[in-house]
Amino acid sequence: MNDLTQAPTPNPHGGVSTRSGVASTERPAFGLPGIPVFLIWLLLCGLTIWTFVARQPLLSVPLILAVIFMVVGFFIVQPNQGTLITLFGRYVGTERRNGLYWTNP
C-alpha cells in the first residue's frame, strides 16, 4: 500500500507530513463571526478617537495597536469557496463557511 492511500498519522507538525507525496488531513479553522467582532472593533475605534481628543496618550497608543491588531484578522469567504488559514507559514485550518469572519492574526 503506498503513502497516498494510507491515512496520515499525526506528528509534531500538526498532521501534515514533511515528506512530499503524502496526503494530509483538513482541519476546521478557528473563526469568530465577523459582524459582532466588527461592532466591537467600531466601539474600540470610537474609544480610541475619544482618548485622542481627550489628550490621553497613555491610553491612545495601546488602543491604536489593538485597533490595528483587530483589523488584520478579518476575512471573507465567498459561497462555494474556502479560505486556508496559516500561522507563520504553517497550516492551521480551512474555513469553509461563507461570510465575514475574524481570526487571530
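Look a little higher up for the structure.
Residues numbered from 1 in each chain as written. Predicted model: local features only at pLDDT ≥ 70, side-chain atom pairs only at ≥ 80, totals over all residues. Heavy atoms only, no water.

### Details of the pattern of salt bridges
- Scanning all chains against the criterion turns up 2 salt bridges.
- Between E95 and R97 there is a salt bridge, with its nearest N and O atoms 2.7 Å apart.
- Take R97: its relative accessible area is 45%, and that puts it in the partly exposed class. (Salt bridge = Lys/Arg side-chain N within 4 Å of Asp/Glu carboxyl O. Buried < 20%, exposed > 50% of the residue type's maximum accessible area, 1.4 Å probe, protein only.)

### Digging into the environment of E26
- Residue placement: E26 occurs in the segment before β1 (32–33).
- Under the relative-accessibility criterion, E26 is labelled partly exposed at 47%.
- Taking the C-alpha atoms as reference points, E26 and G93, separated by 67 residues in sequence, lie 6.6 Å from one another.
- Ignoring any residue separated from it by four or fewer positions in sequence, one finds E26 in contact with Y91, T94 and R96.
- Reaching out from E26, the side chain makes a polar contact with the side chain of R96 at a distance of 2.8 Å. (Helix = DSSP H or I, 4+ residues; strand = E, 2+ residues; numbered from the N terminus. Contact = heavy atoms within 4.5 Å. Polar contact = N/O pair within 3.5 Å; in protein donor to acceptor, adjacent residues only side chain to side chain.)

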